[in-house]
Amino acid sequence: MQIKEQIINLLLSPSLGLAFLISVVLLDTLLIFIVYKNNPRSATNKIFSLLGLFTVFWLISAYMFRIQESSSSTLLFGRLSIFFAAPMSAMFFLLAHTLPYEKLRISRRILFLTILATVLMMVFNVSPYAFTAADVFEGTTPLKPGIGLLPFSIISTIFSALAVYFLFKRLKRSQGIERQQILFVLLGIFSMLSLVIGT
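Keep in mind that what you see is a predicted model, and the values were worked out from it rather than measured.

> Sorry, what's going on with the overall build of the protein here?
In terms of helices and strands, the protein carries seven helices and two strands. Ordered by position from the N terminus, the helices and strands of the protein form the series α-α-α-α-α-β-β-α-α. Counting across all 199 residues of the protein, residues that qualify as buried make up 36%. Considering only intrachain contacts with a sequence separation of at least 6, the fraction spanning at least 24 residues in the protein is 63%. For the protein, the computed accessible surface area is about 12900 Å², with 71% contributed by carbon and sulfur atoms.

The following block contains the structure:
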């Protein structure tokens with residue numbers, strides 16, 4: 001039992017967390033640079049790069065949230081972490097709809113609605129209505145969710161569900177390199193979900 005507790009404490013230690021954060025941020029930044037430089041005009045590459053950029057900001061915010069000791073700073077970084085999570089779900093939706101083409105494959109109306117919904121989510125996420133308070137309790141600082149989290153929960157779930165739907169739909173029709181690209185994206189999604197559930 002002591003060994004298990006020691007392993008958990010090691011995995012949750014700030015120094016190890018910081019090492020993981022720096023490694024992932026550097027790898028993500030390198031990937032963004034390579035993908036964007038490969039074809040800067042491609043809509044797929046632009047969306048992927050934006051997704052990677054928002055992921056970096058989200059990772060940093062989530063890490064900062066974890067190491068705060070005061071209620072006010074915990075509340076700030078808690079709000080920032082979901083602020084950056086909002087455009088991630090939108091970029092994921094757009095990527096799933098566009099991959100691997102060089103031009104956007106959605107109408108201007110849907111694009112406008114996607115941007116509008118994302119901006120609204122981001123505004124709500126940093127408002128006092130998303131997380132209303134952070135109470136220090138036995139060394140942790142749980143956040144109190146507010147009504148402002150509802151738009152984020154609904155819209156990001158819709159974006160994510162549509163993204164997975166489009167990817168599976170495209171997978172059935174695709175062949176060759178395009179099929180491999182979609183499989184890699186789906187593998188990444190399910191790996192991420194497995195890690196989220198596992199940790």
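> Sorry, what's going on with the side chain of Thr55 here?
Assignment of secondary structure puts Thr55 in helix α3 (residues 43-67). One polar contact links the side chain of Thr55 to the main-chain carbonyl oxygen of Leu51, over a distance of 2.6 Å. Leaving out residues up to four positions away in the same chain, Thr55 has contacts with Asp28 and Met88.

> Looking at this model, I keep getting lost on helix α5 (residues 108-125). Mind explaining?
Since the α-helix packs 3.6 residues into each turn, any two residues three or four apart lie on the same face. Its 18 residues place the ends of α5 25 Å apart at the C-alpha level, agreeing with the 26 Å of an ideal helix rising 1.5 Å per residue. Three or more residues of α5 are buried, namely Thr114, Ala117, Thr118, Met121, Met122 and Asn125. One face of α5 carries all of its buried residues, which in axial projection span an arc of 135 degrees. α5 presents Arg108, Arg109, Phe112 and Val123 as exposed residues on the side facing more than 90 degrees away from its buried surface.

Calculation criteria
- Residues numbered from 1 in each chain as written.
- Predicted model: local features only at pLDDT ≥ 70, side-chain atom pairs only at ≥ 80, totals over all residues.
- Heavy atoms only, no water.
- Helix = DSSP H or I, 4+ residues; strand = E, 2+ residues; numbered from the N terminus.
- Buried < 20%, exposed > 50% of the residue type's maximum accessible area, 1.4 Å probe, protein only.
- Contact = heavy atoms within 4.5 Å.
- Areas by Shrake-Rupley, 256 points an atom, 1.4 Å probe, with all protein chains shown as cover.
- Polar contact = N/O pair within 3.5 Å; in protein donor to acceptor, adjacent residues only side chain to side chain.
- Expected span 1.5 Å × (residues − 1).
- Arc of directions from axis to C-beta.

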